[in-house]
Amino acid sequence: MRIGVLSDTHLYTPDKTLDRILGEMLADTDLILHAGDIVTRKVLARLEEEGVIAVCGNMDDYEVAGVLPQSRIMTLEGKRIGLVHGWGAKHNLQSRIVTKFSPDVPDLIVFGHTHVPFWGEYQGIAMFNPGCASTGGYQGRGSVGIIEISDGVVQAQHLTF
């Protein structure tokens, strides 16, 4: 299974970059996750056209925050995946996120908020941050991600633009 992942679009209306992400960069995925900071209902509607599963972020307006949960847990290909945006300072964010899902921490946690791409482990828990899905991301570049689950093995990569 190939899962597309994006976060921190920070858009007031859908744009060409979002269309490129959905129509090209993540086009060959089975499912797309969004880890929050969608911002407006117009952008959420565009994501919903693609069947994107999302959570709200700290920058989402009341219309988006009113319809999306703060976190989700889903089982895909036998792996429990947690989806959350994140909050507060970047320092110690991973610890706060793990605590949010405790005591039943998923196999993989997908998060956003920092705008910094990350794929690795924190306290033995696999964690993935796709970065920022706009050119205002880490070092001025945007990024999204692909998670692949095959035969019980989870792998991930970042795609920059």
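Details of the structure are given in the entry above.
Let me begin by describing the structure that accompanies this report. The shown structure was predicted, so the numbers you read here are calculated from the model rather than taken from an experiment. (Residues numbered from 1 in each chain as written. Predicted model: local features only at pLDDT ≥ 70, side-chain atom pairs only at ≥ 80, totals over all residues. Heavy atoms only, no water.)

### Looking at the sheet that holds strand β10 (residues 153-160)
One open sheet holds the 5 strands; their spatial order is β3-β2-β1-β9-β10, and the pairing between them is mixed. Of all strands in the sheet, those bounded by a partner on one side alone are β3 (53-54) and β10. Pairing of strand β9 (residues 143-150) with β10, which is carried by 8 bridges, proceeds in the antiparallel orientation. Considered in β10, the bridge of glycine 145 is made with histidine 158. In the packing of helix α1 (residues 16-25) onto the sheet, contacts are made with β1 (2-6), β2 (31-34), β9 and β10, and the angle to β9 comes to roughly 25°. (Pairing = 2+ DSSP bridges. Helix = DSSP H or I, 4+ residues; strand = E, 2+ residues; numbered from the N terminus. Contact = heavy atoms within 4.5 Å. Axes fitted to C-alpha atoms, helices over the stretch in contact; angles between N-to-C directions.)

### Some thoughts on the environment of valine 116
Relative to the helices and strands, valine 116 is located in the loop between β6 (108-110) and β7 (118-122). Judged by relative accessible area, valine 116 falls into the partly exposed class, the value being 27%. For the pair valine 116 and glutamine 70, spaced 46 residues apart in sequence, the C-alpha separation works out to 20 Å. (Buried < 20%, exposed > 50% of the residue type's maximum accessible area, 1.4 Å probe, protein only.)

### Considerations on the pairing of β1
Of all 5 residues making up β1, 4 are buried, and the element is well covered by its neighbours. Bridge count for β1 against β9 is 4 bridges, and the pairing is antiparallel. Along β9, the bridge assignment pairs arginine 2 with glutamate 148. Taken together, the 4 bridges between β1 and β2 define a ladder with parallel strand orientation. Pairing of isoleucine 3 across the sheet is with leucine 31, part of β2.

That's the geometry; what it means functionally is another story.
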